[in-house]
Amino acid sequence: MELTRRSFLKAGGAALAVLTGLPGLNLSAAFAYSDKMGKLKAAKVASTICPYCGVGCGALMYSRPDKGKWKIINLEGDPDHPINRGSLCSKGSAIFQIHDDPGKKRLQYVEYRAAGSNKWVRKSWDWALTEIAKRVYATREASFVEKNAAGQLVNRTEGIASLGGAALDNEEGYLLSKWMRSLGVVYLEHQARICHSPSVAGLAASFGRGAMTNHWTDLQYADAVLVMGANAAENHPISFKWITEAIEKRGAKLISVDPRFTRTSARAHIYAPLRAGTDIALLGGMVKYILDNNLYFDEYVREYTNAPFLINPDYQFADGLFSGYDPAKRGYDTATWQYQKDEKGVPKRDPSMKDPFCVMQLLKKHFERYDLEMVSKITGTPPDVLKQVYDAFGSTGKPNKAGTILYAMGTTHHTYGTQNIRAYSIIQLLLGNMGIAGGGINAMRGESNVQGSTDQALLFHIIPGYINSPSDGEDTIDALMKKYYEGKNTDPLSLAWWGNCRKYLVSLLKEWYGDAAKPENDFAYSWLPKRGANYSHISLFEDMAKGKIKGAFLFGQNPAVGGPNTLFERDALAKLDWMVAVDLWETETSVFWKRDGVNPANIKTEVFRLPALASVEKEGSISNSGRWIQWRYKGGDGPGEAMDDLYIIHALQRAVAKLYKQKGGKLADAVTKIHWPYDNGHGHPDVHKVAKAMNGYDVKTGKQLINFTTLQADGSTACGLWIYSGGYNEAGNNYARRDSKDTHLSMYHNWSYCWPLNRRIIYNRASVNPDGQPWDAERAVITAMKKPDGTWGWSGDIPDGGMPPLAVAKQAGTPGLPFIMKAEGVGGLFAAGMVDGPFPTHYEPMESPVVNKLYPKQSTDPAAFIYAGGSGEFGKPDQYPIIGTTYRLSEHWQAGAMTRNLPWLNELFPELFVEMSEELAKEKGIANGDLIKVWNGRGTVVAKACVTMRFRPMNIDGKTVHTVGIPWHWGYCGLCSGDSANILTPHVGDANTRIPEYKAFLVDIKKA
């Protein structure tokens, strides 16, 4: 019988495990198959996970010795992987070229650019580590602040910044987060801030966690799929495989809402054109339609949301402003947004949901003006198309129906990006689509480990596991706990899981500081830097431009292309004294000093460029959007003297700690007494030791903890990342599991590990009725069962909280509500924690061609953060009458360095273009392929014209409005180069997370 690829891979055995540590493969079968294939003869096989978007597809690498190194000779999709089943998209298929490097662009050696120099000079690793350590030491000593002006202990440095980490493995991100905090760094940011930070804020405010709620293979169980602010078919192609399954097997309706007719739109049953920046108008119209037509899931809404909760009678909303607004501060006092409470502090409820101050009635009132005609005038979407969208998705508000929402940066990249996600949350709670199979709100992340690096807290406002990083005045663990976590719940029906946070924080400090973390010194909590300001991405560059930041680390991030208002950010880099750029390729950021129009002699920034290994050249774990933490193995050796980021971070930490041991310094203990037992005995950290540290262990015995339910607040347990606890316990490396047998509803519990507790669908207790029985028996995510001893258990997925069903809990007066991470235990239709309002509200972008039709007195978001230095005056429609929006291509990735250097992908898309409608092109006298200029007050982009029917003029309340689209992957480095679209985007931020506005700004165009 002929040996197929699948039968070869399923052969099983130990021989290959010796070479790669990969279970379930037999090397003898591999040799037999390789002999037949010829080019794969004597190759070893190892599995990896794609380094591009957050779908988490698997691939197999075939390697063999070549001139003393292991060389990858073939890479292809893993047919046993549950998500991609052997398929790879255009980028995934080109991973091989990252290692093979046919363009000879990979960085191979340490290089140094001296102040004022116009060239790189090759250096040794030892030299670079020593010199960088000297810069870190000097800058930290000069900028370290022990106490603020109020005399509060803050222990921070504002002279050093760190950017990047979404392509780092989890173990690398963990060490980077730990090291930077030990130095006192507060300017700690990475790609999540400028791509998906509203996801965490919006989802957490609504449900308690900020993660994708379901997972990729779950999409097949949907009856309706709303893709909005995303283009799944092009930007996350393998995810579209599962949407197609839903269409073919369940007859699911696919709805595409987008300013541009995309490839997703081409496969959709309903396409709704949308003016960029008007998402909340369309979604608010859907909320009104669902309420007006009684499409909501009544029992679900009453039992599992805060719809019956009563709000302060002083709460108001009028003319685009909520009660409590202070125009001088551009912010709100939220006192009137709070729940009414009884004498025990329990929120008051009206079960009938008829009280004028209950959330349900306030919701109806808030969206009462969002009718079809009004929404159409704002969005440009025809009323009949709006009705089709609302009917199709509104039909899922039944126990036997499921609807899912998929979104990406078209949703998040706005000054109200967080409120866009809040609007999704309201819709899904009304329809009862949270916690169920085929439901949820699913963030389509565009970086391979942006989920994991956010879990590791490479962001200034959190520490690992989404614990709030302390601010000025929160000088003890007690102070932090009482402010955010403890005593927040008074309802006996709510589990309020965040009340356990003290256990997680103390265990984190024990892992970070070991024996130096003791009860008598508050477990070294005082050593954590306290934040005194907002240090997010744009603030970081504003302060860099002022000369406040002296040194910066960049791990795989390229703000000279990916940051907003990039000309401003490139200029800001010149104010640094030194920079360390760690990457696989030359990036625009690392050579900002030799771009066109700049004299390198005038730029005094020293630049250390360190060559990194690619994902296929190292070992570690990576977390996809669906929270699956998967292990990837080393397939081949990297070029020249390139090293993995794990070593680079480890070696830098050791070098700086050595200086502090020799010379002493400010808060030296935080640097020298850090617990860092990761060395493998040969100067390189052991990735398995780091993974085990994240999982957690018993301090006395060293034994790995089974999961975070065993963590303690007394210092007896150490755990670097509580939500990952259970991933690498005494049972072994659960991230590396490769059992692709379906355990239940395509959840694949024995493939990898999924945080938290290997739960595949979070909030799954909302998939059952109060008696614990599934709303939909056909798609039963979990089911409650009474055991012979009278206790309750659950079958199916890992239940989100192991309590008995709600009806039983009510009788006993014990926790039973499904949204266990929320203090009140229910989903939030009303969210008082939002900075710019408890309900989403349509506001125009800061640069808009029209005035807000709903709220002309308050046209734009009154709480959006406007930065003083970077934006200048916003463009006006009489100057720049055309809407500009950015988007991505399937063939290129993010800031472009890892695709613009690959010949296969450059052949597919070799140059920058600007897409426009036929009508606009005719109006401007532009033909397809013409060289054109796109400009506004921030800069000018020159590119080829791409004239298509995918953009169409929109009628906005009687006014014709045009839009142009610009892919944002290009820069001035690589095999193909071009202007960066973000030259045109403004320095303005979302009110909640300060994500920049990339999707709606004003420009004009002309033939070049």
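These numbers were taken from a predicted model, which means no experiment stands behind them.

Conventions used here
- Residues numbered from 1 in each chain as written.
- Predicted model: local features only at pLDDT ≥ 70, side-chain atom pairs only at ≥ 80, totals over all residues.
- Heavy atoms only, no water.
- Helix = DSSP H or I, 4+ residues; strand = E, 2+ residues; numbered from the N terminus.
- Expected span 1.5 Å × (residues − 1).
- Buried < 20%, exposed > 50% of the residue type's maximum accessible area, 1.4 Å probe, protein only.
- Pairing = 2+ DSSP bridges.
- Axes fitted to C-alpha atoms, helices over the stretch in contact; angles between N-to-C directions.
- Left-handed = near helix turned anticlockwise from the far one by under 90°.
- Contact = heavy atoms within 4.5 Å.
- Nonpolar A, V, L, I, M, F, W, Y, C, P; charged D, E, K, R; others polar.
- pLDDT = per-residue confidence, 0-100.
- Salt bridge = Lys/Arg side-chain N within 4 Å of Asp/Glu carboxyl O.
- Phe/Tyr/Trp six-rings, centres within 6.5 Å; stacked < 30°, edge-to-face > 60°.
- Lys NZ or Arg CZ within 6 Å of the ring centre and 35° of its normal.

Time to look at helix 16 (residues 383–394). The end-to-end C-alpha separation of helix 16 is 16 Å, in line with the 16 Å expected for 12 residues at 1.5 Å each. Three or more residues of helix 16 are buried, namely Val-385, Leu-386, Val-389, Tyr-390, Ala-392, Phe-393 and Gly-394.

Most of strand 24 (residues 628–632) is tucked away, with 5 of its 5 residues classed as buried. Alignment of strand 23 (residues 620–623) against strand 24, held across 4 bridges, turns out to be antiparallel. Across the sheet, the residue bridging to Ile-622 is Gln-630, located in strand 24. Count of turn residues in the strand 23/strand 24 antiparallel hairpin: 4 residues, of which Arg-627 carries a positive phi of about 75°.

As a further point, take the packing of helix 20 (residues 477–484) against helix 21 (residues 501–513). Running from N to C, helix 20 and helix 21 cross one another at 145°; their axes reach a closest spacing of 10 Å. Crossing hand, helix 20 versus helix 21: right-handed. Here Ile-477, Asp-478, Leu-480 and Met-481 of helix 20 come into contact with helix 21, specifically with Cys-501, Arg-502, Leu-505, Val-506 and Leu-509. Tallied by class, the residues present in the contact of helix 20 with helix 21 amount to 7 nonpolar, no polar and 2 charged.

When you tally the buried positions in helix 22 (residues 537–545), you get 9 out of 9 residues, the bulk of the element. When helix 22 is considered as a whole, its buried residues turn out to be His-537, Ile-538, Ser-539, Leu-540, Phe-541, Glu-542, Asp-543, Met-544 and Ala-545. Residues of helix 22 that are buried make contact with strand 7 (153–164), strand 8 (185–189), helix 23 (559–562), helix 24 (566–573) and strand 40 (988–989). Just past helix 22, the residue Gly-547 takes up positive phi, approximately 85°.

As a further point, take the confidence of the model for the protein chain. Per-residue confidence for the protein chain averages 95 on the pLDDT scale, and 96% of its residues sit at or above 70. Of the regions scoring below 50 in pLDDT, residues 1–36 engages in 64 contacts with residues more than four places distant in sequence or in other chains.

Here the focus is the pattern of salt bridges. Inspection of every chain in the model, using the stated rule, returns 52 salt bridges. Between Arg-122 and Glu-641 there is a salt bridge whose closest N-O contact spans 3.2 Å. On the criterion of sequence distance, the pair formed by Arg-122 in strand 5 (residues 121–122) and Glu-641 in the loop between strand 24 and helix 25 (645–663) is long-range, its members being 519 residues apart. Notably, a salt bridge pairs Asp-543 with Lys-546, separated by 3.9 Å at the nearest N-O pair. On the accessibility criterion, Asp-543 (14% relative accessible area) is buried. Its relative accessible area of 65% is what places Lys-546 among the exposed residues. Ionic contacts of the salt-bridge type, sharing partners, join the residues Asp-223, Arg-250, Asp-776, Glu-778 and Arg-779 into one network.

Turning to the sheet that holds strand 17 (residues 441–443), a few remarks are in order. Adjacent strands of a sheet form backbone hydrogen bonds with each other and so pair up, either parallel or antiparallel. Here 5 strands make up an open sheet; going across it, the order is 11-10-9-16-17 and the pairing parallel. A single partner strand is all that each edge strand has here, and the edge strands are strand 11 (270–273) and strand 17. Taken pair by pair, the neighbouring strands of this sheet meet at an average axis angle of 15°, ignoring direction. Pairing of strand 16 (residues 403–407) with strand 17 involves 3 bridges; the strand directions are parallel. Directly across from Leu-406, in strand 17, lies its bridge partner Asn-442. Running over the sheet, helix 16 touches strand 9 (224–228), strand 10 (253–258), strand 11 and strand 16 and is turned about 130° from strand 11.

This brings us to unusual backbone geometry. With an omega of -5°, the peptide bond between Trp-755 and Pro-756 qualifies as cis. Within the secondary structure, Pro-756 sits in the loop between strand 29 (753–754) and strand 30 (782–786).

This part takes up the packing of aromatic side chains. Per the stated rule, a full pass over the model turns up 51 aromatic pairs. Their ring planes at 90° and their centres at 5.0 Å tell us that Phe-261 and Tyr-271 sit as a pair that is edge-to-face. You can see Phe-261 sitting in the loop between strand 10 and helix 11 (263–267) and its partner Tyr-271 sitting in strand 11, a full 10 residues away along the chain. Phe-261 sits in the partly exposed class, given a relative accessible area of 32%. The interplanar angle of 20° and the centroid separation of 6.3 Å between the aromatic rings of Phe-553 and Phe-555 together place this pair among those described as stacked. For Phe-553, a relative accessible area of 0% translates into the label buried. Among the aromatic side chains, those forming a connected cluster through ring pairs are Tyr-315, Phe-317, Phe-322, Tyr-325, Tyr-332, Trp-337, Phe-830, Phe-839 and Tyr-855. Over the aromatic face of Tyr-525 sits the side chain of Lys-530, whose NZ or CZ is 4.8 Å from the ring centroid.

This next bit is on the sheet that holds strand 24. Read across the open sheet, the 3 strands follow the order 23-24-29; overall the sheet is antiparallel. Two strands lie at the open edges of the sheet, namely strand 23 and strand 29, each paired on one side alone. Sheet analysis places strand 24 next to strand 29, joined by 2 bridges and oriented antiparallel. For Ile-629, the partnering residue across the bridge sits in strand 29 and is Tyr-753. Across the sheet, helix 7 (residues 170–183) is in contact with strand 23 and strand 24; its angle to strand 23 comes to roughly 90°.

We now examine the environment of Gln-388. Relative to the helices and strands, Gln-388 resides in helix 16. When the C-alpha positions of Gln-388 and Gly-184 are compared, they lie 54 Å apart, and in sequence the two are 204 residues distant.

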